[in-house]
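Breakdown of the fold
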2 protein chains.
Amino acid sequence: MDIVDLGTVPKTEAVYSDFLLQLREKFEMDHAAYAGINPAAGAIHGYVTYGDDWKQHYQQQGFHMIDPTLHMSQRSIAPVDWSRLERGKDFKRVFRDAHDFGLSEQGLTIPVRGPYGDVGLLSVTRDCSPEQWRKLVGHVISDLQSMAVHIHDTVMGSDLLGRILYHPALSTREVEILQWVAVGKSQQDIGDILSISHRTVEVHLRSSREKLCALTTAQAVGRAIGLGLIYPG
Amino acid sequence: MDIVDLGTVPKTEAVYSDFLLQLREKFEMDHAAYAGINPAAGAIHGYVTYGDDWKQHYQQQGFHMIDPTLHMSQRSIAPVDWSRLERGKDFKRVFRDAHDFGLSEQGLTIPVRGPYGDVGLLSVTRDCSPEQWRKLVGHVISDLQSMAVHIHDTVMGSDLLGRILYHPALSTREVEILQWVAVGKSQQDIGDILSISHRTVEVHLRSSREKLCALTTAQAVGRAIGLGLIYPG
DNA sequence: CAAGTTCTACGGGAATCCCCCAATAGCCCG
DNA sequence: CGGGCTATTGGGGGATTCCCGTAGAACTTG
C-alpha cells in the first residue's frame with residue numbers, strides 16, 4: 001500500500017487531510033471524512049475532503065445532530081453502509097441538501113473505538129450504480145477498515161501526551177476499592193470484604209478522588225471507567 | 001473471500017470454532033483465538049483452535065490474569081504484534097509453558113470494541129522467521145482486521161436479544177441528571193442548575209438506579225457509561 | 001539512610017444521600 | 001376515556017459519605 005504511513009510523519013492537520021485525499025484516490029471514492037472524539041482528553045477532531053461550502057452548510061444547519069450516518073454508526077461494531085439506513089426525514093433532510101452541493105447519498109461509515117471511550121468514524125462516498133458500489137466495497141472494505149484503525153490510532157496518539165500527563169497512577173488498593181464501589185458496595189461492605197476498617201476505605205477513596213481530580217466518588221468511578229482502570233459492575 | 005460468512009449461519013459454538021479453523025488455514029497461521037467480553041450482557045466468550053491440553057493449562061495457571069498479550073491489547077486501538085511486547089517475567093512465564101505445548105510466542109492480537117463497552121480480541125500465532133512473519137502480516141493484516149470485526153460483531157449480535165431485554169430505557173431527564181452526577185455535581189447543585197427541586201433530582205436518580213439495577217448512584221453512573229448512555233466527566 | 005508512597009486507623013461533625021411515604025399534572029396511546 | 005409513563009414536589013428520618021484533621025508502620029527507591 002502506498003498511502004503515507006501516518007506513524008512516520010509529524011502530526012499536523014494538513015497531514016490528516018492529505019491522508020484522506022490519498023485514501024480517496026486510491027480506493028476510487030468521491031470523498032472521505034474522519035471524525036474522532038476523545039472523551040479522556042476532551043478533544044474533538046474532524047478532517048474532510050469536502051469543500052468548505054458543504055462544511056459550513058453542514059455546521060450551520062446543525063446536521064451533526066440529526067445525521068443518521070453518524071448516529072447509526074456510533075451504535076455499530078461493523079461498518080455501516082448507508083444504503084441500509086432508513087430513508088426517514090432526517091436522512092432526507094441532510095442528503096437533499098448534500099445533493100445541492102453535488103454530494104452523493106451513497107456511502108459507508110466505519111466506526112473504530114479505543115480503550116478509553118474514544119470513537120472514530122471514517123466515512124467514504126462514491127456516486128455510482130449500486131452494482132458498482134457493491135463490487136467496489138467488497139474489494140476495498142478490509143483495507144478501508146485497516147485505514148480507519150490507522151488514522152484513529154494516530155489521531156488519538158496525538159492526544160497521548162495529554163493523556164499521559166492527565167493519567168494518574170492509582171495504587172493497587174485504590175483501584176481495587178473503586179472497583180468494589182462500581183459494583184455497588186458501600187464503604188462498610190468493602191471494609192468487611194477486604195478485612196479492613198471502613199475508615200481505611202474512606203481514606204483510599206479520598207486519595208482516588210484527588211488523583212482523578214473528581215469532586216465525588218461517583219465522578220471518580222466514571223473517570224476510572226473512562227480511563228480503563230476499572231469496569232462497570 | 002471464501003471463509004464462511006457468519007451472518008448467514010445459525011449461531012452455535014461450533015460455528016465460531018470452525019470459523020477460526022478456516023481463518024487459520026486461509027491466512028497460514030498456526031492457531032487463532034477469539035476472546036470477547038460483553039459487560040452489558042455480563043457475557044464472556046472464548047473460541048480457540050488450540051488443543052484442550054493448553055486450554056486447561058492456561059486456565060489452571062490463571063494466565064489470563066498476567067498474559068501481557070491480553071493486557072496490552074486491551075489498551076490499544078491498533079493491532080498489537082507480540083514481538084513488540086516487553087519480555088518481562090509475565091511474558092516469559094506464559095510462553096515458557098506455551099513452548100512446552102508446542103506453541104509459538106510469535107503472534108498478533110487485534111482488539112475490536114463496540115458501543116457498549118464490549119471488547120473482542122482476535123489473536124493469531126505462527127512459528128516462522130521474523131522476516132517471514134513480517135511479510136505475512138503485511139500481506140494479511142487488513143483482512144484479519146476485517147475478520148476480527150466480523151466475528152466480534154456476530155458474537156455480540158448473538159447477545160443482542162439479551163441486551164434488548166436488559167437495556168433499560170432511561171427517560172431524557174434521567175439521563176440528563178445522571179450525566180450531571182458523572183460531572184461531579186451534588187443533588188442540590190443539579191436542582192439549582194435545572195431549576196427544579198433537589199427532591200425531584202432524588203426521585204429521578206432513584207428511578208435511574210432501579211432501571212439500571214444499581215444499588216448505588218455511583219454504580220448507576222458506571223453502568224450508564226458502560227451502556228453508552230452518558231460519558232465520564 | 002532519607003524521602004516518598006502506600007496501607008493502615010481514628011475523632012468529630014456537617015453534608016449529602018437515600019429510605020419510607022405521599023401527591024398532582026401533562027402527555028401519549030390503545 | 002383510562003392507563004401508563006414522565007415530570008414535578010414535599011415530609012420525616014436514618015444511614016452513609018465526606019470534610020477537617022491526626023498518626024504509625026512497611027516498603028521502595030535514589
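These lines cover the structure that appears in this document, whether it is placed above or below. None of the values given here were measured: they were computed from a predicted structure. (Residues numbered from 1 in each chain as written. Chains lettered and ligands numbered in written order. Predicted model: local features only at pLDDT ≥ 70, side-chain atom pairs only at ≥ 80, totals over all residues. Heavy atoms only, no water.)

**What to know about the overall build of chain A**
- The secondary structure content of chain A amounts to ten helices and five strands.
- Counting over 233 residues, chain A shows a buried share of 51%.
- A separation threshold of at least 6 residues defines the contact pool for chain A, and within that pool the share at least 24 residues apart is 62%.
- Carbon together with sulfur atoms contributes 53% to the accessible area of chain A, which is approximately 11400 Å² in total. (Helix = DSSP H or I, 4+ residues; strand = E, 2+ residues; numbered from the N terminus. Buried < 20%, exposed > 50% of the residue type's maximum accessible area, 1.4 Å probe, protein only. Contact = heavy atoms within 4.5 Å. Areas by Shrake-Rupley, 256 points an atom, 1.4 Å probe, with all protein chains shown as cover.)

**A look at the interface of chain B and chain A**
- Between chain B and chain A, the residue contacts involve 36 residues of the former and 38 residues of the latter.
- When the two sides are added together, the surface that chain B and chain A hide from each other amounts to roughly 2900 Å², 59% of it contributed by carbon and sulfur.
- Inspection of the chain B/chain A interface yields eight residue pairs in polar contact (both at pLDDT 80 or more).
- Residue contributions to the side of chain B that touches chain A peak at eight residues, all from helix α5 (residues 130-158) of chain B. (Buried area = accessible area lost by both parts, 1.4 Å probe. Polar contact = N/O pair within 3.5 Å; in protein donor to acceptor, adjacent residues only side chain to side chain.)

**Observations concerning the relation of the copies chain B and chain A**
- When chain B is fitted to chain A, the best match, at an RMSD of 0.8 Å, comes from turning it 179° and sliding it 0.7 Å along the axis. The symmetry that links the two subunits is that of a two-fold axis. Rotation axis and chain B: the residue whose C-alpha lies nearest the axis is Ala218(B), separated from it by 2.0 Å.
- Comparing interface residues between copies, 100% of those in chain B also lie at the interface in chain A; the contact surface is shared. (Least-squares fit on C-alpha atoms with pLDDT ≥ 70 in both.)

**Some thoughts on the protein's contact with DNA strand D**
- In the vicinity of DNA strand D, 16 residues are found, and the nearest of them are Glu202(A), Arg209(A), Ser171(B), Ser197(B) and Arg199(B).
- Looking at DNA strand D alone, sugar and phosphate atoms form 59% of those within 4 Å of the protein.
- Note that a phosphate oxygen of DNA strand D is positioned 3.0 Å from one of the side-chain N or O atoms of Gln187(A).
- One of the side-chain N or O atoms of Arg206(A) is found 3.4 Å from a base oxygen in DNA strand D.
- Among the elements of the structure, α9 (198-211) of chain A together with α9 (198-211) of chain B are those that each provide at least two residues to the surface near DNA strand D.
- Counting residues per element, the surface near DNA strand D draws most heavily on α9(B), which supplies five residues.
- A class-by-class count of the residues in the surface near DNA strand D yields two nonpolar, seven polar and seven charged. (Near = heavy atom within 4 Å. Nonpolar A, V, L, I, M, F, W, Y, C, P; charged D, E, K, R; others polar.)

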